[in-house]
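One letter stands for each residue in the lines below.
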Amino acid sequence: MVVHIVMFRFKDENKADNIEKVKLMLEALPQKIESLKSMEVGVNFLHSERSMDLVLTSTFDDKDGLEAYRVHPAHQEVVSFIKEVTIESRVVDYEKGV
């Protein structure tokens, strides 16, 4: 199993609305992308210097499944919007149990 974790820091302009919109867009992806086995989206509530605003944790059967997700048009649509409303992102991809 492959785990894909991404954290985002959003721009201040329309921050709360954009976080909610991205959350809803991401949560719709499992119904659209077969290789995406699970997705959890969390919104930060404890604001500190080190905090990011939103995190997603998703799982795939294998690296090929992650790649299929990465290039899928539904995912690319979300990525385009995220790029407009965020200032930073961080990612970790790993094989669970390895």
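The structure under discussion appears in the preceding block.
Because the structure is predicted, anything quoted here is derived from the model rather than measured.

Colleague: Any chance you could break down the environment of Asp93 for me, citing the residues and the numbers?
Modeller: Mapping Asp93 onto the fold places it in strand E4 (residues 86-95). With a relative accessible area of 43%, Asp93 lands in the partly exposed category. With 28 residues separating them in the primary sequence, Asp93 and Gly65 have C-alpha atoms 12 Å apart. At 2.4 Å, the side chain of Asp93 and the side chain of His4 are in polar contact.

Colleague: Give me the lowdown on the packing of helix H2 (residues 63-71) against helix H3 (residues 73-85), citing residues and values where you can.
Modeller: Between H2 and H3, whose axes approach to 5 Å, the crossing angle comes to 60°. It follows from the interaxial angle that H2 and H3 lie oblique. Mapping the contact onto sequence places Tyr69, Arg70 and Val71 in H2 and Pro73, His75 and Gln76 in H3. Class assignment of the residues belonging to the contact of H2 with H3 gives a composition of three nonpolar, two polar and one charged.

Colleague: So, unusual backbone geometry: which residues are in play, and what are the values?
Modeller: One non-glycine residue, Asn14, lies in positive phi territory at about 55°. You can see Asn14 is positioned in the loop between strand E1 (2-10) and helix H1 (15-27). For Asn14, a relative accessible area of 48% gives the class partly exposed.

Colleague: Got a sec to walk through the nonpolar core? Specific residues and values, please.
Modeller: Ranked by size, the top nonpolar core spans 23 residues in total, and within it Val22, Leu26, Leu29, Met39, Leu54 and Tyr69 carry the most contacts. Only E1, H1, strand E2 (38-43), strand E3 (54-60), H2 and H3 provide two or more residues apiece to this core. Sorting elements by how many residues they give to this core places H3 first, with five residues.

Colleague: Help me get a handle on H1, residues and values and all.
Modeller: Taking 1.5 Å per residue as the helical rise, H1 with its 13 residues ought to reach 18 Å, and the 18 Å between its terminal C-alpha atoms agrees with that figure. Taken together, the buried positions of H1 are occupied by Asn18, Ile19, Val22, Lys23, Met25 and Leu26. Taken end-on, H1 shows its buried residues confined to a sector of 165°, consistent with a single buried face. Within H1, the exposed residues directed more than 90 degrees away from the buried face are Ala16 and Asp17. Next to the buried residues of H1 lie E1, E2, E3 and H3.

The rules we used
Residues numbered from 1 in each chain as written. Predicted model: local features only at pLDDT ≥ 70, side-chain atom pairs only at ≥ 80, totals over all residues. Heavy atoms only, no water. Helix = DSSP H or I, 4+ residues; strand = E, 2+ residues; numbered from the N terminus. Buried < 20%, exposed > 50% of the residue type's maximum accessible area, 1.4 Å probe, protein only. Polar contact = N/O pair within 3.5 Å; in protein donor to acceptor, adjacent residues only side chain to side chain. Axes fitted to C-alpha atoms, helices over the stretch in contact; angles between N-to-C directions. Parallel < 35°, antiparallel > 145°, perpendicular 65-115°, else oblique. Contact = heavy atoms within 4.5 Å. Nonpolar A, V, L, I, M, F, W, Y, C, P; charged D, E, K, R; others polar. Core = buried A, V, L, I, M, F, W, Y, C linked by side-chain atoms within 4.5 Å. Expected span 1.5 Å × (residues − 1). Arc of directions from axis to C-beta.

From the geometry alone we can't say anything about function, so treat these as descriptive.
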